[in-house]
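Next come the chains, spelled out residue by residue.
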Amino acid sequence: MSAVSEDLQLLQGLSRDVTVGKFEGVFQKAVLGISVLVLLGILVCVAFAPWLAPHNPNGVDLLNPYTGPSPGYLLGQDSAGRDILSRLIYGSRLSLLGPTIVISIALVVGVPLGFLAGYRGGVLDGLISRVFDLVFAFPSLLLAIVIVATFGASFFTAAFAVAITYIPLMGRVVRAAALVEREKPYIAACRLQGYPAWRVFVFHMGPNMARVLVSQTTLYFAYGLLDLSALSFLGLGAQPPQIDWGGMLENANQGVFQSPTGVVFPALAIVLLVVSLNFIADWILEQQGQRGGQR
Amino acid sequence: MTATDVMTTSALPQVTLTLEGVTTYVRMRKLLRPVILDVGFFVRPGEIVGLVGESGSGKSMTARTIAGALPRGAVAEGVVGLGEENLLTVSRRRRREVQGKQIGMIFQDPKAYIDPLWRVEVHMTEGMRVHLGLSKSEARARAIDLLSAVGLDQPERRMRQFPEELSGGMLQRVMIAGALSVEPSILLADEATTALDVTTQAEIVSLLGRLRAERGLSVLFITHDLALADQICDRICVMYAGRIVEVREGRGIFEDPLHPYTKDLLAARPNIRKRVARLPVIKGTPTSAMDAPSGCAFHPRCRFAVEACTTTFPQLTAVSGGFVRCIRAGEQLWSEPRAEKGQTASETEGNSAAGG
Amino acid sequence: MLLEVKHLSKDFRLRSGLLSRSTHLAAVKDVSFEVPASGAAAIVGETGSGKTTVARMIVGLETPTHGEVLVDGTPLVVAPGPSERRRRARLMQMVFQNPFLSLDPHQPIGEGVEEVVSFHRLRPPAERAGRVEELLAAVGLDGRLAAKRPRQLSGGQCQRAAIARALAAEPQLLVLDEPVSALDVSTQAQILNLLADLRAKLGISVLMISHDLALVRQVADDVVVMYKGEVVESGKVEAILSSPKEAYTRRLLAAVPEYSGTGRATGLP
């Protein structure tokens, strides 16, 4: 058992170098690079919107509804003649703030619940898992719509509603990871010392789950964006004069044939961000914890 | 003249497997690093040859080189002779044919290598149908014969069972039967008994001995357990840092070990017959081929190392009943048994951070 | 008598199928034995013998179905909560089989040892670093390795670090579950010598779980042979190994590949 396990470890160490990971090739590296650029570009829009946007995003021009691209209006104008490009840039703010709220709530509530369920097991796990199952039983978007309909449509209501549907998602991931880690001897060693659950999580299990958590959070950010955009598209999210990409889609829907850019560009922004986040999440998961690891 | 040349010229009728000057490199961060160096030995029909070593010794890599199961990017040089062909130079297609049919392999963990999805019958008959072209019923009949040949009771019942229903020992027998079903020239057993209980281990080992006697099966028996190899092997090759350091016929290794590493390895093992005040330790940790120092790979840990050991790469020197890779092989390095040398203090490994 | 195990039993209830008709697995049946202070005992058995379950019940990782465990004459609480575990950590510690999995992959080994010292408040903050160095030296690890993570160390070094962490709680009993079976022969010898040194220096008791009879011979004074959850034979190591009474014990001995350190072949009757 001894020599083989070390031989295998050596081999595994070698194989890690040799196996072509998803991001080893030039093409794959380029894709990752583009993803990071997209993310950075959008962050730049969020930070520097007032300086980047050519026009006031809420400046109406009622004489030119649903106009295509023209010299002053690079991406055209929407139903009220507002500059689509400026709205796109300003819209990045709420479009990113929303998912941020979603994952923040999902993390703060979901992670401790999931950890306790996985680590403690037993009755506590039963209880928490059943609550999660209850939420899962409803199609998430439908549940969000119900919540928003009850409390009135607004950006924050939509964000909270979606957040609630993501709590069990995050919790389930953490629970699964906790179940795996719990069986490992180093956790048994912690229990033997008498470390309380919070210490086990903060100092031991948590750091070892970090990579999975970060990757999962990135993914959920992307899906949260999709869900929130859907709500906005239905008019249940950010209300005018607040701008987000989903709302822009709702507005552009009517005039899609006259000014397709109104639909194309917000959709493109959403898609690009979601896809980029997916690649980045994959890449994070693939990292082998290089810090302090060399064999 | 290599060791194998010397051995083969002494009128051997036929050799099942022969390795000559085999060196394998694996690719690490774009560089090729060696894992085994100048490995050479042979296996005659009906012989069981042991390949013994600790971690980093390269014994598993040797098996993988023979079987052609190297990680991507790895390169193997030298001669792996099976029958008339050098497996390292034939076409990939021919290689696959040969590997499937001529070389049988059994591994440490049968559960990991037998597909749990299918019944034992499928595992047993698949090879025969692909490589021997047997029909389903022919393969089935042979499989049942093989299962009883390897000592499984109620073979028909076993055929219908799933792997999870069988114990480790039984599964290992199934793996052996499966490996034998295509009538290979040689069986590579890579730590095949390590994960088994002592009593089951003894049974499997005697099974291999029986198969050798009844069918003339050749086996390359890879293990870290010298005592286990002693039970069953006609010849033992000891590996260290990717090199063969000692090869001896019969019980030569135990009666009269000649390489300092072999000697120390034998002494370091707790003896069931008696307890010692302190176990003699070999200072340091085993190293792999790529981390080995220049000269003799063992010299940093060797009690008998001299200046020349740090610069000269020792060749295999002929001794009675085998070969030793040590420049001081001819000298009488020790005359008394090891017992009183067992007072070495517990050594710190502290200085080698990633000693391997 | 430091450790007394009395009529320990463990029944696992397994659920099979949707209708959850549970079947029982009697993993451990009525096991009793003792370990004296500063003594060395071993539990020997093959897979399924229940030896690991017994060890886990002793340290409190499993709850016994019946029976009790006494330390210094006081019975241990059956299902320990964190405060009881904290107290028990000062009495006994466990070393596990897989050296790499026994350590937090993310934590430098020195930190792991220090965490134990500070958690149990065994030294004032100023003295903690020194204590960590002391502990690492006691297991034969250079202080410079304290900053390394398990991935950067060899199996033997990791196992030493695990022992250091166990010793940091200053226990009276060390329970070791196959502590060297995942290590090379040359490293095994080093760890076994280390255990002998620690016993001599610290007066600590050792309970080793193993399938390897030669190891048991080297390390233990008393041995308990288990088979399918029951004690088959127990007593002094010398006595049992030279004249085994039970058929199973004899079978176990006969199956051990045998050779002696001087190269002479010896066989068992």
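Draft legend 1. Layout of the overall build of chain B. When you go through chain B residue by residue, the secondary structure sums to twelve helices and twelve strands. In summary, chain B has a C-alpha radius of gyration of 21 Å against a globular reference of 21 Å for 356 residues, a match within 12%. The buried share of chain B, reckoned over its 356 residues, is 50%. For chain B, long-range pairs separated by at least 24 residues make up 67% of all intrachain contacts whose partners lie at least 6 apart in sequence.

Draft legend 2. Representation of the overall build of chain C within the structure. Tallying secondary structure elements over chain C gives nine helices and ten strands in all. For 269 residues, the compact-globule estimate of 2.2 N^0.38 gives 18 Å, and chain C sits close to it at 19 Å. When each of the 269 residues of chain C is scored for burial, the buried share is 52%. Partitioning the intrachain contacts of chain C with sequence separation of at least 6 by distance along the chain shows that 65% fall at a separation of at least 24.

Draft legend 3. Here's a closer look at the pairing of strand S8 (residues 205–210) of chain C. Residues and elements named next belong to chain C. In terms of residue burial, S8 counts as a mostly covered element, since six of its six residues are buried. Neither face of S8 is open: one carries Ser205, Leu207 and Ile209, the other Val206, Met208 and Ser210, and all of them are buried. Both strand S3 (residues 40–44) and S8 contribute to a ladder of five bridges, which runs parallel. The residue bridging Ala41 from the neighbouring strand is Leu207, located in S8. Summarising the sheet, strand S7 (residues 173–177) and S8 pair through five bridges and their orientation is parallel. Bridge pairing in S8 places Leu174 opposite Val206.

Draft legend 4. Structural detail: helix H6 (residues 155–182) of chain A. Residues and elements named next belong to chain A. Here H6 contains 28 residues, and its C-alpha end-to-end distance of 40 Å stays within 8% of the 40 Å for a straight helix at 1.5 Å per residue. Thr165 marks where H6 bends most, by close to 30°; the proline Pro168 follows one to four residues later. H6 sits mainly inside the fold: 20 of its 28 residues count as buried.

Draft legend 5. Representation of the confidence of the model for chain B within the structure. All names here are of chain B. Predicted confidence across chain B gives a mean pLDDT of 83, with 90% of residues reaching 70 or more. Averaged pLDDT values over the elements of chain B bottom out at 44 in helix H1 (residues 3–9) and peak at 95 in strand S3 (residues 48–52). Note on residues 1–12: pLDDT under 50 across the span, and 16 contacts to partners over four residues away in sequence or across chains. Low confidence marks residues 337–356, where pLDDT is under 50. Its contacts with residues over four positions away, or in another chain, come to 54 contacts.

Draft legend 6. Region of interest: the environment of Ala255 of chain C. Inspection of the secondary structure assignment puts Ala255 of chain C in the segment after helix H9 (247–254). Taking the number of C-beta atoms within 10 Å as the measure of exposure, Ala255 of chain C has 19 and is therefore partly exposed. Here Ala255 of chain C is in contact with Val198, Thr199, Gln201 and Ala202 of chain B, once residues within four sequence places are set aside.

Draft legend 7. Layout of helix H6 (residues 185–202) of chain C. For H6 of chain C, spanning 18 residues, the distance from its first C-alpha to its last is 26 Å, which sits close to the expected 26 Å at 1.5 Å a residue. Looking only at H6 of chain C, the buried set comprises Val185, Ser186, Thr187, Gln188, Ala189, Gln190, Ile191, Leu192, Asn193, Leu194 and Leu195 of chain C. If you follow the buried residues of H6 of chain C, they end up packed against helix H12 (260–268) of chain B together with helix H5 (155–168), S8 and helix H7 (213–219) of chain C. Where H6 of chain C ends, the next residue or the one after it, Gly203 of chain C, has phi of about 70°, a positive value.

Draft legend 8. Broad picture of the sheet that holds S3 of chain B. Residues and elements named next belong to chain B. With mixed pairing, the eight strands of this open sheet are ordered in space as S6-S7-S8-S3-S9-S10-S12-S11. The open sheet terminates on both sides in strands that have one partner only, identified here as strand S6 (103–106) and strand S11 (317–319). Mean inter-strand twist for the sheet, computed between neighbouring axes without regard to direction, equals 25°. Pairing of strand S9 (residues 235–240) with strand S10 (residues 243–249) involves six bridges; the strand directions are antiparallel. Along S10, the bridge assignment pairs Arg235 with Glu249. Where helix H8 (residues 168–180) meets the sheet, its contacts fall on S6 and strand S7 (186–190), and the angle it forms with S6 comes to roughly 170°.

Draft legend 9. The sheet that holds strand S2 (residues 31–43) of chain B, seen in detail. Residues and elements named next belong to chain B. The strand order across the open sheet formed by four strands is S2-S1-S4-S5, and the pairing between neighbours is antiparallel. Strands at the two margins of the open sheet, each flanked by one partner only, are S2 and strand S5 (85–86). Relative to strand S4 (residues 75–82), strand S1 (residues 17–28) runs antiparallel, the two being bridged by seven bridges. From the neighbouring strand, Thr24 faces S4, where its bridge partner is Ala76.

Draft legend 10. Layout of the pairing of strand S4 (residues 66–71) of chain C. Residues and elements named next belong to chain C. Relative to strand S5 (residues 74–75), S4 runs antiparallel, the two being bridged by two bridges. Each residue of the ladder has a partner; that of Val71, found in S5, is Thr74. The loop that links S4 with its antiparallel partner S5 comprises two residues; one of these, Asp72, has a positive phi angle of about 55°.

Draft legend 11. Molecular detail of the nonpolar core. Judged by nonpolar contacts, the single largest core of 256 residues is most densely connected at Ala106 and Met170 of chain A, Leu220 and Phe221 of chain B together with Ala164, Val175 and Val223 of chain C. Tallying contributions element by element places helix H3 (residues 84–120) of chain A first for this core, with 16 residues. With residues near it in sequence (within four places) discarded, Leu220 of chain B still touches Val43, Val49, Leu51, Ala63, Ile186, Leu188 and Ala189 of chain B.

Draft legend 12. Main features of unusual backbone geometry. Here the bond from Pro240 of chain A into Pro241 of chain A is cis, since omega is 10°, no more than 30 degrees from zero. Along the chain, the position of Pro241 of chain A falls in the loop between helix H8 (197–233) and helix H9 (245–253). A positive phi is found at Asp72 of chain C, a non-glycine position, where the angle reads about 55°. Looking at the secondary structure, you find Asp72 of chain C in the loop between S4 and S5. Since 11 C-beta atoms lie within 10 Å of it, Asp72 of chain C is described here as exposed. Phi at Glu178 of chain C takes a positive value of approximately 45°, unusual for a residue other than glycine. Here Glu178 of chain C lies in the loop between S7 and H6.

Draft legend 13. Structural context of the packing of helix H2 (residues 26–52) of chain A against helix H10 (residues 261–286) of chain A. Residue and element names in this part refer to chain A. Remark: H2 packs on H10, axes separated minimally by 9 Å, with the N-to-C direction vectors making an angle of 125°. Our classification of the angle between H2 and H10 gives oblique. Handedness of the crossing formed by H2 with H10: left-handed. Two secondary-structure elements touch here, H2 through Val31, Leu32, Ser35, Val36, Val38, Leu39 and Ile42 and H10 through Leu272, Leu273, Ser276, Phe279, Ile280 and Trp283. Of the residues that constitute the contact of H2 with H10, the class distribution is eleven nonpolar, two polar and no charged.

Reading the values: the criteria
Residues numbered from 1 in each chain as written. Chains lettered and ligands numbered in written order. Predicted model: local features only at pLDDT ≥ 70, side-chain atom pairs only at ≥ 80, totals over all residues. Helix = DSSP H or I, 4+ residues; strand = E, 2+ residues; numbered from the N terminus. Rg over C-alpha atoms; globule rule 2.2 N^0.38 Å. Buried ≥ 20, exposed ≤ 12 C-beta atoms within 10 Å, placed from the backbone. Contact = placed C-beta atoms within 7 Å. Pairing = 2+ DSSP bridges. Expected span 1.5 Å × (residues − 1). Bend = angle between axes of the 7 residues up to and from the residue. pLDDT = per-residue confidence, 0-100. Axes fitted to C-alpha atoms, helices over the stretch in contact; angles between N-to-C directions. Core = buried A, V, L, I, M, F, W, Y, C linked by C-beta atoms within 7 Å. Parallel < 35°, antiparallel > 145°, perpendicular 65-115°, else oblique. Left-handed = near helix turned anticlockwise from the far one by under 90°. Nonpolar A, V, L, I, M, F, W, Y, C, P; charged D, E, K, R; others polar.

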